[in-house]
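# Residue-level structure breakdown
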Amino acid sequence: MLCSDIFLRLRQGLRHVLAVSQLGNGYMQANKPWALLKGSDEDKARAGSVINLTAQLVCQLAVLLIPYMPEVAKEIREQAQCPESVMTCDTSFRRRLANGHAIGQPTPLFKKLEVEDAQKYREQYGSK
């Protein structure tokens, strides 16, 4: 296999991981658990389900990101307090976190890229 083939497959894999992330974000935004928590007992239960599924997905994304961005994956694992024992890749989407799992304090994973910095990186690394 040529290096360009490997690069292409890695790039495609990362696109799939980022697509899963985008779908998870869309799910969270569409279901608005922060609003559901202010509603009836049924709404609060629904909010718990949405948050649980989202937390499970975050843990899964941390696993999927290991080959691409190991430091980002580690930061996600630490913020979500995913146990090391669940940080393995398998062929199914499985429950990785127990009910009632408490996540840590979330912080931004990436800093905002300012226009001036983007230009500097383009010049430095030759991107157009």
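First, a word on what this report is: a plain description of the structure on this page.

Rules used throughout
- Residues numbered from 1 in each chain as written.
- Predicted model: local features only at pLDDT ≥ 70, side-chain atom pairs only at ≥ 80, totals over all residues.
- Heavy atoms only, no water.
- Helix = DSSP H or I, 4+ residues; strand = E, 2+ residues; numbered from the N terminus.
- Rg over C-alpha atoms; globule rule 2.2 N^0.38 Å.
- Contact = heavy atoms within 4.5 Å.
- Areas by Shrake-Rupley, 256 points an atom, 1.4 Å probe, with all protein chains shown as cover.
- Lys, Arg positive; Asp, Glu negative; His and termini not counted.
- Charge placed at Lys NZ, Arg CZ, Asp CG, Glu CD.
- Salt bridge = Lys/Arg side-chain N within 4 Å of Asp/Glu carboxyl O.
- Expected span 1.5 Å × (residues − 1).
- Buried < 20%, exposed > 50% of the residue type's maximum accessible area, 1.4 Å probe, protein only.
- Axes fitted to C-alpha atoms, helices over the stretch in contact; angles between N-to-C directions.
- Parallel < 35°, antiparallel > 145°, perpendicular 65-115°, else oblique.
- Left-handed = near helix turned anticlockwise from the far one by under 90°.
- Core = buried A, V, L, I, M, F, W, Y, C linked by side-chain atoms within 4.5 Å.
- Patch = residues over 30% accessible without salt bridge, like charges linked within 9 Å, V, L, I, M, F, W, Y side chains within 5 Å.

To continue, consider the overall build of the chain. Scanning the chain from N- to C-terminus turns up five helices and zero strands. Going from the N terminus to the C terminus, the chain shows its helices and strands as α-α-α-α-α. Radius of gyration (C-alpha) of the chain: 18 Å, far over the 14 Å computed for a compact globule of 128 residues. Overall size of the chain, expressed as C-alpha extent along the three principal axes, is 55 × 35 × 25 Å. If you take every contact in the chain between residues at least 6 apart in sequence, the share linking residues at least 24 apart comes to 52%. When the accessible surface of the chain is summed, it comes to about 9500 Å², and 58% of that surface belongs to carbon and sulfur atoms. For the chain, the centre of its 17 positive side-chain charges and the centre of its 13 negative side-chain charges are spaced 4 Å apart.

On inspection of all chains with the given rule, the structure shows two salt bridges. Arg 77 serves as the salt-bridge partner of Glu 84, at 3.4 Å between the closest nitrogen and oxygen.

Moving on, we get to helix H1 (residues 3-31). The terminal C-alpha atoms of H1, which comprises 29 residues, lie 42 Å apart, in line with the 42 Å expected from a rise of 1.5 Å per residue. Looking only at H1, the buried set comprises Gly 13, Val 17, Gly 24 and Asn 31. Against helix H2 (33-36) and helix H3 (41-65) lie the buried residues of H1. Lys 32 occupies a position one or two residues after H1 and carries a positive phi of about 45°.

How two helices pack is summed up by the angle between their axes together with the distance between the axes. Where H3 meets helix H4 (residues 70-80), the closest approach of the two axes is 8 Å, and the angle between their N-to-C directions is 155°. It follows that H3 is roughly antiparallel to H4 by the angle criterion. The two elements H3 and H4 meet at a crossing, and its hand is left-handed. Taking contact as the criterion, the partners of Val 58, Ala 62 and Leu 65 in H3 are, on H4, Pro 70, Val 72, Ala 73, Ile 76, Arg 77 and Ala 80.

This part is about H3. Here H3 is 25 residues long and its end C-alpha atoms lie 36 Å apart, about the 36 Å a rise of 1.5 Å per residue gives. If you follow the buried residues of H3, they end up packed against H1, H2 and H4.

Attention shifts here to the nonpolar core. Core analysis: the largest hydrophobic core is formed by 16 residues, its most contacted members being Cys 59, Leu 65, Ile 76, Cys 82, Val 86, Met 87 and Leu 97. When neighbours within four sequence positions are excluded, Ile 76 is seen to be in contact with Val 58, Ala 62, Leu 65 and Leu 109.

Residues Leu 113, Tyr 121 and Tyr 125 make up a contiguous nonpolar surface patch of roughly 350 Å² in combined accessible area. Positionally, Leu 113 belongs in the loop between H4 and helix H5 (115-125).

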